[in-house]
Amino acid sequence: METIRRLVAQVAPSDATVLVLGESGTGKEVVARRIHEASPRSGGPFVPVNCGAIPADLLESELFGHEKGAFTGAINTRRGRFELAAGGTLFLDEIGDMPLPMQVKLLRVLQERCFERVGSATSQPTDVRVIAATHQDLEQRVEDGRFRADLYYRLNVFPIDVPALRERPEDVPVLVAHFLAQLAREQRDSVSITADAMAALQQYGWPGNVRELNNLVERLAILFPGAEVGFGDLPPKFCEGFDPARPPPQAPPPAAGSAAPDAGTPPASGHQAHSALAPGSPPDPARLALEGLDLKQYLADTERTLLLQALQHSGWVVARAAQLLGLQRTTLVEKMRKFELQRNQVSDS
(Lines give C-alpha, C1' and ligand atoms only; values in the text may rest on other atoms or scores of the structure.)
Protein backbone atom coordinates (compact mmCIF):
# COMPACT_ATOMS: atom_id res chain seq x y z
CA MET A 1 0.00 0.00 0.00
CA GLU A 2 2.96 2.32 0.56
CA THR A 3 3.94 1.60 -3.04
CA ILE A 4 0.43 2.56 -4.17
CA ARG A 5 0.65 5.83 -2.23
CA ARG A 6 3.92 6.64 -3.99
CA LEU A 7 2.41 5.82 -7.37
CA VAL A 8 -0.58 8.06 -6.63
CA ALA A 9 1.74 10.91 -5.68
CA GLN A 10 3.75 10.42 -8.88
CA VAL A 11 0.83 10.28 -11.33
CA ALA A 12 -1.53 12.79 -9.71
CA PRO A 13 0.13 15.99 -11.04
CA SER A 14 -0.11 14.79 -14.64
CA ASP A 15 -3.17 14.27 -16.84
CA ALA A 16 -2.16 10.71 -17.72
CA THR A 17 -4.88 8.09 -17.99
CA VAL A 18 -4.72 5.66 -15.06
CA LEU A 19 -5.93 2.05 -14.99
CA VAL A 20 -6.61 0.75 -11.47
CA LEU A 21 -6.64 -3.05 -11.23
CA GLY A 22 -7.80 -5.23 -8.36
CA GLU A 23 -10.50 -7.50 -7.03
CA SER A 24 -13.93 -6.19 -6.09
CA GLY A 25 -13.91 -4.44 -2.75
CA THR A 26 -10.19 -3.64 -2.64
CA GLY A 27 -10.76 0.12 -2.78
CA LYS A 28 -10.15 0.98 -6.43
CA GLU A 29 -12.48 3.98 -6.27
CA VAL A 30 -10.67 5.20 -3.15
CA VAL A 31 -7.41 5.16 -5.14
CA ALA A 32 -9.08 7.05 -8.00
CA ARG A 33 -10.41 9.70 -5.59
CA ARG A 34 -6.97 10.11 -4.02
CA ILE A 35 -5.48 10.73 -7.46
CA HIS A 36 -8.16 13.32 -8.17
CA GLU A 37 -7.74 15.05 -4.79
CA ALA A 38 -3.96 15.29 -5.25
CA SER A 39 -4.20 16.57 -8.83
CA PRO A 40 -4.52 20.10 -10.26
CA ARG A 41 -8.13 19.12 -11.08
CA SER A 42 -9.07 18.71 -7.41
CA GLY A 43 -11.24 21.84 -7.61
CA GLY A 44 -13.33 20.22 -10.35
CA PRO A 45 -15.88 17.41 -10.04
CA PHE A 46 -15.13 13.72 -9.53
CA VAL A 47 -17.76 11.82 -11.52
CA PRO A 48 -17.95 8.02 -11.11
CA VAL A 49 -19.70 5.74 -13.62
CA ASN A 50 -20.17 1.99 -13.14
CA CYS A 51 -19.99 0.70 -16.70
CA GLY A 52 -21.23 -2.73 -15.64
CA ALA A 53 -24.37 -1.45 -13.91
CA ILE A 54 -25.81 0.53 -16.84
CA PRO A 55 -27.68 -1.34 -19.63
CA ALA A 56 -25.74 -1.40 -22.89
CA ASP A 57 -28.42 0.54 -24.80
CA LEU A 58 -28.32 3.37 -22.25
CA LEU A 59 -24.58 3.63 -21.67
CA GLU A 60 -23.88 5.92 -24.64
CA SER A 61 -26.52 8.40 -23.49
CA GLU A 62 -25.22 8.15 -19.91
CA LEU A 63 -21.68 9.02 -20.96
CA PHE A 64 -22.26 11.52 -23.76
CA GLY A 65 -25.79 12.82 -23.10
CA HIS A 66 -28.58 13.13 -25.66
CA GLU A 67 -30.61 15.71 -27.54
CA LYS A 68 -34.33 16.16 -27.12
CA GLY A 69 -36.17 13.68 -29.35
CA ALA A 70 -33.05 11.58 -30.01
CA PHE A 71 -34.98 8.43 -29.10
CA THR A 72 -38.27 7.41 -27.54
CA GLY A 73 -38.47 8.89 -24.07
CA ALA A 74 -35.87 11.61 -24.69
CA ILE A 75 -38.25 14.44 -23.81
CA ASN A 76 -35.44 16.83 -22.80
CA THR A 77 -31.83 17.50 -23.69
CA ARG A 78 -29.57 15.79 -21.15
CA ARG A 79 -25.92 16.29 -20.35
CA GLY A 80 -23.76 13.18 -20.07
CA ARG A 81 -21.03 12.30 -17.60
CA PHE A 82 -18.28 13.68 -19.83
CA GLU A 83 -19.93 17.10 -19.66
CA LEU A 84 -20.64 16.83 -15.94
CA ALA A 85 -16.97 15.99 -15.29
CA ALA A 86 -15.62 19.00 -17.26
CA GLY A 87 -12.50 20.35 -15.56
CA GLY A 88 -12.34 17.34 -13.27
CA THR A 89 -12.01 13.56 -13.33
CA LEU A 90 -14.26 10.91 -14.90
CA PHE A 91 -13.94 7.54 -13.14
CA LEU A 92 -15.01 4.63 -15.36
CA ASP A 93 -15.46 1.72 -12.97
CA GLU A 94 -15.73 -1.87 -14.25
CA ILE A 95 -14.46 -0.80 -17.66
CA GLY A 96 -13.98 -4.49 -18.54
CA ASP A 97 -17.76 -4.90 -18.74
CA MET A 98 -18.20 -2.17 -21.35
CA PRO A 99 -19.81 -3.50 -24.57
CA LEU A 100 -17.58 -3.60 -27.65
CA PRO A 101 -19.57 -0.97 -29.63
CA MET A 102 -19.15 1.50 -26.77
CA GLN A 103 -15.45 0.70 -26.54
CA VAL A 104 -15.02 2.04 -30.08
CA LYS A 105 -16.76 5.30 -29.19
CA LEU A 106 -14.83 5.72 -25.95
CA LEU A 107 -11.54 5.18 -27.78
CA ARG A 108 -12.42 7.96 -30.23
CA VAL A 109 -13.19 10.36 -27.36
CA LEU A 110 -9.91 9.56 -25.64
CA GLN A 111 -7.95 10.07 -28.85
CA GLU A 112 -9.69 13.15 -30.25
CA ARG A 113 -10.82 14.76 -26.97
CA CYS A 114 -14.30 15.44 -28.32
CA PHE A 115 -17.70 13.73 -28.41
CA GLU A 116 -21.26 14.09 -29.73
CA ARG A 117 -24.46 13.79 -27.76
CA VAL A 118 -26.80 11.05 -28.97
CA GLY A 119 -28.93 12.58 -31.75
CA SER A 120 -26.50 15.43 -32.44
CA ALA A 121 -24.06 15.91 -35.31
CA THR A 122 -22.10 18.62 -33.47
CA SER A 123 -18.85 17.68 -31.74
CA GLN A 124 -18.08 19.13 -28.33
CA PRO A 125 -14.59 19.34 -26.84
CA THR A 126 -14.03 17.57 -23.56
CA ASP A 127 -11.63 18.52 -20.78
CA VAL A 128 -11.62 15.58 -18.38
CA ARG A 129 -9.05 13.24 -16.95
CA VAL A 130 -10.09 9.60 -17.28
CA ILE A 131 -9.33 7.01 -14.61
CA ALA A 132 -10.59 3.50 -15.35
CA ALA A 133 -10.83 0.47 -13.07
CA THR A 134 -11.69 -3.20 -13.38
CA HIS A 135 -11.48 -6.50 -11.55
CA GLN A 136 -11.26 -8.28 -14.91
CA ASP A 137 -8.07 -9.58 -16.52
CA LEU A 138 -8.11 -7.19 -19.48
CA GLU A 139 -5.19 -8.86 -21.23
CA GLN A 140 -7.12 -12.14 -21.24
CA ARG A 141 -10.26 -10.37 -22.44
CA VAL A 142 -8.23 -8.85 -25.29
CA GLU A 143 -7.04 -12.33 -26.26
CA ASP A 144 -10.63 -13.61 -26.10
CA GLY A 145 -11.83 -10.77 -28.35
CA ARG A 146 -14.03 -9.24 -25.64
CA PHE A 147 -11.99 -6.07 -25.18
CA ARG A 148 -10.33 -3.94 -27.83
CA ALA A 149 -6.55 -4.06 -27.74
CA ASP A 150 -6.25 -0.42 -28.88
CA LEU A 151 -8.50 0.78 -26.05
CA TYR A 152 -6.60 -1.37 -23.53
CA TYR A 153 -3.29 0.22 -24.47
CA ARG A 154 -4.91 3.68 -24.44
CA LEU A 155 -6.15 3.13 -20.89
CA ASN A 156 -3.10 1.29 -19.60
CA VAL A 157 -0.81 4.33 -19.62
CA PHE A 158 -0.22 4.17 -15.86
CA PRO A 159 -1.47 0.94 -14.22
CA ILE A 160 -1.90 0.62 -10.45
CA ASP A 161 -2.48 -2.85 -9.01
CA VAL A 162 -4.37 -2.82 -5.69
CA PRO A 163 -3.63 -6.03 -3.74
CA ALA A 164 -6.37 -8.12 -2.18
CA LEU A 165 -6.76 -7.84 1.60
CA ARG A 166 -5.76 -11.49 2.10
CA GLU A 167 -2.35 -10.57 0.66
CA ARG A 168 -1.77 -7.87 3.29
CA PRO A 169 -3.13 -9.17 6.63
CA GLU A 170 -0.97 -6.66 8.48
CA ASP A 171 -3.33 -3.96 7.17
CA VAL A 172 -6.37 -5.44 8.92
CA PRO A 173 -5.77 -3.77 12.34
CA VAL A 174 -5.05 -0.45 10.64
CA LEU A 175 -8.24 -0.63 8.59
CA VAL A 176 -10.31 -1.67 11.62
CA ALA A 177 -8.98 1.35 13.51
CA HIS A 178 -9.84 3.56 10.53
CA PHE A 179 -13.42 2.26 10.33
CA LEU A 180 -13.91 2.61 14.10
CA ALA A 181 -12.65 6.19 13.94
CA GLN A 182 -15.08 6.82 11.09
CA LEU A 183 -17.97 5.57 13.25
CA ALA A 184 -16.85 7.88 16.05
CA ARG A 185 -16.74 10.88 13.69
CA GLU A 186 -20.29 10.05 12.61
CA GLN A 187 -21.27 9.87 16.31
CA ARG A 188 -22.34 6.26 15.96
CA ASP A 189 -21.81 3.39 18.41
CA SER A 190 -18.34 1.90 18.33
CA VAL A 191 -16.57 -1.16 19.75
CA SER A 192 -13.11 -2.37 20.69
CA ILE A 193 -11.54 -5.57 19.34
CA THR A 194 -9.52 -7.96 21.51
CA ALA A 195 -6.15 -9.32 20.39
CA ASP A 196 -7.43 -12.86 19.76
CA ALA A 197 -10.36 -11.56 17.70
CA MET A 198 -8.00 -9.38 15.67
CA ALA A 199 -5.68 -12.34 15.08
CA ALA A 200 -8.65 -14.33 13.76
CA LEU A 201 -9.59 -11.51 11.42
CA GLN A 202 -6.02 -11.42 10.10
CA GLN A 203 -6.08 -15.11 9.17
CA TYR A 204 -9.45 -14.87 7.39
CA GLY A 205 -9.40 -14.95 3.57
CA TRP A 206 -11.58 -11.82 2.98
CA PRO A 207 -13.22 -12.70 -0.35
CA GLY A 208 -15.06 -9.36 -0.15
CA ASN A 209 -11.82 -7.53 0.67
CA VAL A 210 -11.90 -4.12 2.40
CA ARG A 211 -15.63 -3.70 1.72
CA GLU A 212 -16.35 -6.91 3.65
CA LEU A 213 -14.18 -5.75 6.57
CA ASN A 214 -15.97 -2.41 6.68
CA ASN A 215 -19.34 -4.18 6.75
CA LEU A 216 -18.17 -6.45 9.57
CA VAL A 217 -17.02 -3.52 11.72
CA GLU A 218 -20.40 -1.82 11.27
CA ARG A 219 -22.21 -5.05 12.11
CA LEU A 220 -20.18 -5.55 15.30
CA ALA A 221 -20.83 -1.96 16.34
CA ILE A 222 -24.58 -2.58 16.01
CA LEU A 223 -24.49 -5.93 17.85
CA PHE A 224 -22.13 -4.87 20.67
CA PRO A 225 -22.45 -1.08 21.05
CA GLY A 226 -19.70 0.30 23.28
CA ALA A 227 -18.51 -3.20 24.23
CA GLU A 228 -15.35 -5.23 23.73
CA VAL A 229 -15.59 -7.84 20.97
CA GLY A 230 -13.72 -11.07 21.63
CA PHE A 231 -12.97 -14.11 19.53
CA GLY A 232 -16.20 -15.83 20.62
CA ASP A 233 -18.28 -12.85 19.50
CA LEU A 234 -17.20 -13.03 15.87
CA PRO A 235 -19.49 -14.67 13.29
CA PRO A 236 -18.46 -18.33 12.84
CA LYS A 237 -16.98 -18.00 9.36
CA PHE A 238 -14.28 -15.64 10.66
CA CYS A 239 -13.18 -18.21 13.26
CA GLU A 240 -12.88 -21.31 11.07
CA GLY A 241 -9.46 -22.94 11.28
CA PHE A 242 -8.22 -20.56 13.97
CA ASP A 243 -7.39 -21.61 17.55
CA PRO A 244 -6.80 -18.58 19.80
CA ALA A 245 -5.14 -20.79 22.42
CA ARG A 246 -2.55 -22.18 20.03
CA PRO A 247 0.34 -19.94 18.93
CA PRO A 248 1.34 -19.99 15.28
CA PRO A 249 3.63 -22.93 14.48
CA GLN A 250 7.32 -22.10 14.46
CA ALA A 251 9.95 -24.07 12.59
CA PRO A 252 12.38 -25.63 15.14
CA PRO A 253 15.99 -24.46 14.82
CA PRO A 254 18.29 -27.06 13.23
CA ALA A 255 20.39 -29.06 15.66
CA ALA A 256 24.11 -28.36 15.73
CA GLY A 257 25.92 -30.44 13.16
CA SER A 258 22.71 -31.69 11.58
CA ALA A 259 22.28 -31.94 7.86
CA ALA A 260 20.62 -29.13 5.99
CA PRO A 261 16.84 -29.53 5.61
CA ASP A 262 15.65 -31.13 2.41
CA ALA A 263 14.01 -29.31 -0.46
CA GLY A 264 10.52 -29.75 0.96
CA THR A 265 11.29 -28.03 4.29
CA PRO A 266 9.60 -24.62 4.52
CA PRO A 267 11.95 -21.69 5.12
CA ALA A 268 12.12 -19.95 8.48
CA SER A 269 13.70 -16.82 7.05
CA GLY A 270 14.56 -15.11 3.81
CA HIS A 271 18.15 -16.33 4.11
CA GLN A 272 17.07 -19.95 4.47
CA ALA A 273 14.76 -19.51 1.50
CA HIS A 274 17.85 -18.96 -0.64
CA SER A 275 19.94 -21.79 0.81
CA ALA A 276 17.70 -24.58 2.11
CA LEU A 277 14.97 -24.61 -0.50
CA ALA A 278 16.98 -25.58 -3.57
CA PRO A 279 15.04 -28.06 -5.69
CA GLY A 280 17.85 -30.63 -5.45
CA SER A 281 21.56 -31.11 -5.00
CA PRO A 282 23.88 -29.18 -7.29
CA PRO A 283 24.79 -31.03 -10.50
CA ASP A 284 27.60 -33.52 -10.09
CA PRO A 285 30.75 -32.08 -11.75
CA ALA A 286 31.68 -35.38 -13.36
CA ARG A 287 28.20 -35.87 -14.76
CA LEU A 288 28.12 -32.24 -15.87
CA ALA A 289 31.32 -32.76 -17.87
CA LEU A 290 29.86 -35.82 -19.62
CA GLU A 291 26.26 -34.83 -20.23
CA GLY A 292 26.32 -31.05 -20.17
CA LEU A 293 23.62 -28.84 -18.62
CA ASP A 294 21.04 -26.35 -19.84
CA LEU A 295 22.01 -23.70 -17.29
CA LYS A 296 19.19 -21.34 -18.24
CA GLN A 297 16.56 -24.05 -17.76
CA TYR A 298 18.17 -25.30 -14.54
CA LEU A 299 18.13 -21.79 -13.04
CA ALA A 300 14.53 -21.24 -14.16
CA ASP A 301 13.46 -24.54 -12.57
CA THR A 302 15.28 -23.63 -9.37
CA GLU A 303 13.65 -20.20 -9.23
CA ARG A 304 10.19 -21.62 -9.87
CA THR A 305 10.61 -24.21 -7.11
CA LEU A 306 11.74 -21.59 -4.59
CA LEU A 307 8.81 -19.34 -5.48
CA LEU A 308 6.29 -22.16 -5.17
CA GLN A 309 7.63 -23.36 -1.82
CA ALA A 310 7.69 -19.85 -0.37
CA LEU A 311 4.07 -19.34 -1.47
CA GLN A 312 3.02 -22.66 0.07
CA HIS A 313 4.86 -21.92 3.30
CA SER A 314 3.15 -18.52 3.58
CA GLY A 315 -0.30 -19.92 2.86
CA TRP A 316 -0.23 -18.11 -0.50
CA VAL A 317 -0.08 -14.73 1.17
CA VAL A 318 1.97 -12.97 -1.49
CA ALA A 319 3.34 -10.26 0.80
CA ARG A 320 4.69 -12.86 3.25
CA ALA A 321 6.16 -15.00 0.50
CA ALA A 322 7.90 -11.93 -0.92
CA GLN A 323 9.46 -11.26 2.49
CA LEU A 324 10.76 -14.83 2.68
CA LEU A 325 12.43 -14.43 -0.69
CA GLY A 326 13.70 -10.89 -0.13
CA LEU A 327 11.61 -9.56 -3.02
CA GLN A 328 9.21 -6.70 -3.52
CA ARG A 329 5.58 -7.86 -3.67
CA THR A 330 5.17 -6.52 -7.21
CA THR A 331 8.29 -8.42 -8.32
CA LEU A 332 6.91 -11.66 -6.91
CA VAL A 333 3.55 -11.08 -8.64
CA GLU A 334 5.34 -10.68 -11.99
CA LYS A 335 7.33 -13.89 -11.39
CA MET A 336 4.13 -15.75 -10.49
CA ARG A 337 2.69 -14.68 -13.83
CA LYS A 338 5.88 -15.67 -15.62
CA PHE A 339 5.90 -19.19 -14.15
CA GLU A 340 2.08 -19.47 -14.13
CA LEU A 341 1.99 -20.25 -10.41
CA GLN A 342 -1.48 -20.81 -9.00
CA ARG A 343 -2.74 -21.80 -5.57
CA ASN A 344 -3.87 -25.30 -6.55
CA GLN A 345 -0.33 -26.35 -7.51
CA VAL A 346 1.85 -28.52 -5.30
CA SER A 347 5.60 -28.62 -5.11
CA ASP A 348 7.25 -31.41 -7.08
CA SER A 349 10.42 -31.33 -5.03
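As the structure is a prediction and not an experimental result, all values here were calculated from the model.

Cut-off values and rules
- Residues numbered from 1 in each chain as written.
- Predicted model: local features only at pLDDT ≥ 70, side-chain atom pairs only at ≥ 80, totals over all residues.
- Heavy atoms only, no water.
- Helix = DSSP H or I, 4+ residues; strand = E, 2+ residues; numbered from the N terminus.
- Buried < 20%, exposed > 50% of the residue type's maximum accessible area, 1.4 Å probe, protein only.
- Contact = heavy atoms within 4.5 Å.
- Areas by Shrake-Rupley, 256 points an atom, 1.4 Å probe, with all protein chains shown as cover.
- Axes fitted to C-alpha atoms, helices over the stretch in contact; angles between N-to-C directions.
- Parallel < 35°, antiparallel > 145°, perpendicular 65-115°, else oblique.
- Left-handed = near helix turned anticlockwise from the far one by under 90°.
- Nonpolar A, V, L, I, M, F, W, Y, C, P; charged D, E, K, R; others polar.
- Phe/Tyr/Trp six-rings, centres within 6.5 Å; stacked < 30°, edge-to-face > 60°.

Undergrad: Account for the overall build of the chain, with residues named and values stated.
TA: Counting secondary structure elements, the chain contains 15 helices and 11 strands. Looking at the chain as a whole, 39% of its 349 residues qualify as buried. Within the chain, residue pairs in contact and separated by at least 24 positions form 71% of the contacts whose partners lie at least 6 positions apart. As displayed, the chain has an accessible area near 18900 Å², and 53% of this comes from carbon and sulfur atoms.

Undergrad: Outline the packing of helix H8 (residues 172–185) against helix H9 (residues 195–203), supporting the account with residue identities and numerical values.
TA: Two quantities define a packed helix pair, namely the angle between the helix axes and the distance between the axes. Orientation of H8 relative to H9, taken along the N-to-C sense of each, is 115 degrees, at an axis distance of 9 Å. It follows from the interaxial angle that H8 and H9 lie roughly perpendicular. In the packing of H8 onto H9, the handedness of the crossing is right-handed. In this structure, H8 uses Val172, Pro173 and Val176 to contact H9, whose residues at the interface are Met198, Leu201 and Gln202. Split by residue class, the contact of H8 with H9 holds five nonpolar, one polar and no charged.

Undergrad: Can you explain the packing of aromatic side chains? Please cite residues and give values.
TA: The geometry of two aromatic rings is summed up by the distance between their centres and the angle between their planes. Scanning the model with the defined rule gives eight aromatic pairs in all. Measuring from ring centre to ring centre gives 5.9 Å for Phe46 and Phe91, while their planes differ by 25 degrees; the resulting arrangement is stacked. Note that Phe46 is positioned in strand E2 (residues 46–50) and Phe91 in strand E5 (residues 89–93), a separation of 45 residues in sequence. By relative accessible area, Phe46 is classed as buried at 14%. Here Tyr204 and Trp206 contribute two aromatic rings whose centre-to-centre distance is 4.7 Å and whose plane-to-plane angle is 85 degrees, an arrangement assigned as edge-to-face. By relative accessible area, Tyr204 is classed as buried at 11%. Judged by its relative accessible area of 0%, Trp206 falls in the buried class. One aromatic cluster in this structure is built from Phe64, Phe82 and Phe115.

Undergrad: Account for the environment of Pro99, with residues named and values stated.
TA: As for its position among the elements, Pro99 is in the loop between E5 and helix H5 (100–112). Setting aside residues no more than four positions away along its own chain, Pro99 makes contact with Ala56 and Leu59.

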